[in-house]
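# Overview (structure and organization)
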Amino acid sequence: MILPGATIGVLGGGQLGRMFAIRARIMGYRVIVLDPDPLSPAGQVADRHIRCGFDDPAGLSDLAASCAAVTTEFENVPATALALLSCSTIVRPGPRPVAIAQDRISEKSFLQHAGFAIAPFRAVGSAAELSVAVAELHLPALLKTSRFGYDGKGQATIEASSEADEAFRNLEGAACILEERVELDMEVSVVLGRGADGQVAAFPVGENRHRDGILETTTVPARIPEGLAREAHEIAVGIANELDYVGVLAVELFVSRGRLLVNEIAPRPHNSGHYTLDACSVDQFELQVRTLCGLPLTAPRLLTPIAMINLLGDLWCRGEPRWEQAFARPGIRLHLYGKSEPRPGRKMGHLNCLADGPDEALALALEGREALLPAG
Ligand code: AMP
């Protein structure tokens, strides 16, 4: 067990690293962040910030030598960085699950081989392979770059086979997957932590609503039948076990015609787990610290219904949002990530909105965000 007083590290300085660092410091750990951005959200709140690229051997050696254990906050860290770190310190999650999650082809192939239900897909490496895939799958389908896609970026919808060539060119001929567009009843996710001893602690299923490919709200409890929630948990735990995963893992699922299909896995805490910060006895970042440090995992209890709503840079279109409106509403808790440039689509913060039931919580979230907009 790595106990409070020790120094732990995180690769990546975004908001997930920031919330990890804050929670770890509350728990009594020292935290080092490695990130190239001098203004990174996590660097601002860490004990130390190593400012270098994720492929910088000197920076990585410094991090490994200074930390009892290192985790990651985003999946696009080079697998070589994790491999290098793991020569001299504990790295959780390990290089393998991160490499699987950062590449859609390997992610979907892993899920398929392990027997988890997913939307029908084909790996596509060339225009010729795309035309075969288009002929084999039902349209409409989504063409997604295999790497570095996030928040719906690097995706195109193909409604007819005549659109395939242009869609592939627009994605610059990168390795892709073509995936059938499934009918969505709802999107849900499960965030869990798994320890090195195989013990698992999972959070309640979140009901997710997206807008323009970006998560907009997460509502808990999810408004789905109990059996489906149980099945979502079983799938998420099954994936974590199959990967022999250690750390916090998020599993995004589609509910399509009453059936669960796995969409994506993320080898880190997740935006759809931010509700745990205010609604659970242990939040997802504490679970990340606990799995990293080999501490006991206790089952998180849901203390209240809640809805989380993201605050994107678009909210700044008429100037600084009216934060006092959030503070004036009972049940709303404001989280901001310390980012100075509000660009459209950029995640700047979120509201966690507590109420007596999920419908009320979601209504409060939508109303609360609206109230932040300066009069225009
Ligand atoms: P992704 O980056 O793959 O998670 O996609 C972003 C969002 O696009 C998802 O959360 C869904 O709302 C939507 N989406 C992605 N893939 C599909 C699909 N195969 N069928 C229907 N909607 C999808």
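Residues numbered from 1 in each chain as written. Predicted model: local features only at pLDDT ≥ 70, side-chain atom pairs only at ≥ 80, totals over all residues. Heavy atoms only, no water.

To continue, consider the packing of aromatic side chains. This structure, assessed with the given rule, holds two aromatic pairs. Relative to F74, the ring of F54 lies with its centre 5.0 Å away and its plane at 50°, an arrangement referred to as tilted. Within this pair, whereas F54 is found in the loop between β3 (48-50) and α2 (57-66), its partner F74 is found in the loop between β4 (69-72) and α3 (79-86), the two being separated by 20 residues in sequence. According to the relative accessible area criterion, F54 is buried, its value standing at 15%. (Phe/Tyr/Trp six-rings, centres within 6.5 Å; stacked < 30°, edge-to-face > 60°. Helix = DSSP H or I, 4+ residues; strand = E, 2+ residues; numbered from the N terminus. Buried < 20%, exposed > 50% of the residue type's maximum accessible area, 1.4 Å probe, protein only.)

Before going further, it helps to examine the nonpolar core. Membership of the largest hydrophobic core comes to 31 residues, with the highest contact counts inside it found for I239, L253 and V262. Residue assignment for this core shows that the elements contributing at least two residues are α4 (95-101), α5 (104-113), β10 (186-194), α8 (226-242), β14 (247-256) and β15 (259-266). Ranked by the residues each element gives to this core, the list is headed by α8, at seven residues. Non-local contacts of L253, meaning those with residues more than four positions away in its chain, are made with M186, E187, V188, V190, A232, I235, L260, L261, V262 and N263. (Core = buried A, V, L, I, M, F, W, Y, C linked by side-chain atoms within 4.5 Å. Contact = heavy atoms within 4.5 Å.)

Take unusual backbone geometry next. For the peptide bond that leads from R92 to P93, omega is 0°, which places it in the cis range. Along the polypeptide, P93 turns up in the loop between β5 (90-91) and α4. In this structure, P140 follows L139 across a cis peptide bond, with omega equal to 0°. With respect to the helices and strands, the residue P140 is situated in the loop between α6 (127-136) and β7 (141-145). Notably, D212 is not glycine yet its phi reads approximately 50°, a positive angle. Structurally, the position occupied by D212 is in the loop between β12 (206-211) and β13 (214-220). In the Ramachandran plot, D244 falls in the positive-phi region, its phi being about 45° despite a non-glycine side chain. Mapping D244 onto the fold places it in the loop between α8 and β14. With a relative accessible area of 52%, D244 lands in the exposed category.

For the rest of this paragraph, the subject is helix α12 (residues 358-372). Taking 1.5 Å per residue as the helical rise, α12 with its 15 residues ought to reach 21 Å, and the 21 Å between its terminal C-alpha atoms agrees with that figure. Contacts made by the buried residues of α12 are with β12, β13, β16 (306-312), α11 (323-327), β17 (332-336) and β18 (347-354). (Expected span 1.5 Å × (residues − 1).)

Where α2 contacts α3, the axes come no closer than 9 Å and their chain directions differ by 40°. Regarding the angle of α2 to α3, the classification is oblique. By crossing handedness, the relation of α2 to α3 is classed as right-handed. Taken together, the residues of α3 that come into contact with α2 (itself represented by L60, L63 and A64) are A81, L84 and L85. (Axes fitted to C-alpha atoms, helices over the stretch in contact; angles between N-to-C directions. Parallel < 35°, antiparallel > 145°, perpendicular 65-115°, else oblique. Left-handed = near helix turned anticlockwise from the far one by under 90°.)

It is worth spelling out the sheet that holds β7 at this point. Across the sheet, which stays open at both edges, the four strands sit in the order β6-β9-β7-β8 with antiparallel pairing between neighbours. Looking at strand neighbours, the two that pair on one side only are β6 (121-124) and β8 (155-158), the edges of this open sheet. Between one strand axis and the next, the sheet turns by 20° as a mean value, whatever way the strands run. When β7 meets β8, the two strands line up antiparallel, connected through four bridges. By the bridge assignment for β8, L143 is matched with A156. Its contacts with the sheet place α5 against β6, β7, β8 and β9 (176-180), and it is angled at close to 50° to β9. Its contacts with the sheet put α6 on β6, β7, β8 and β9, and the angle it makes with β6 is roughly 170°. (Pairing = 2+ DSSP bridges.)

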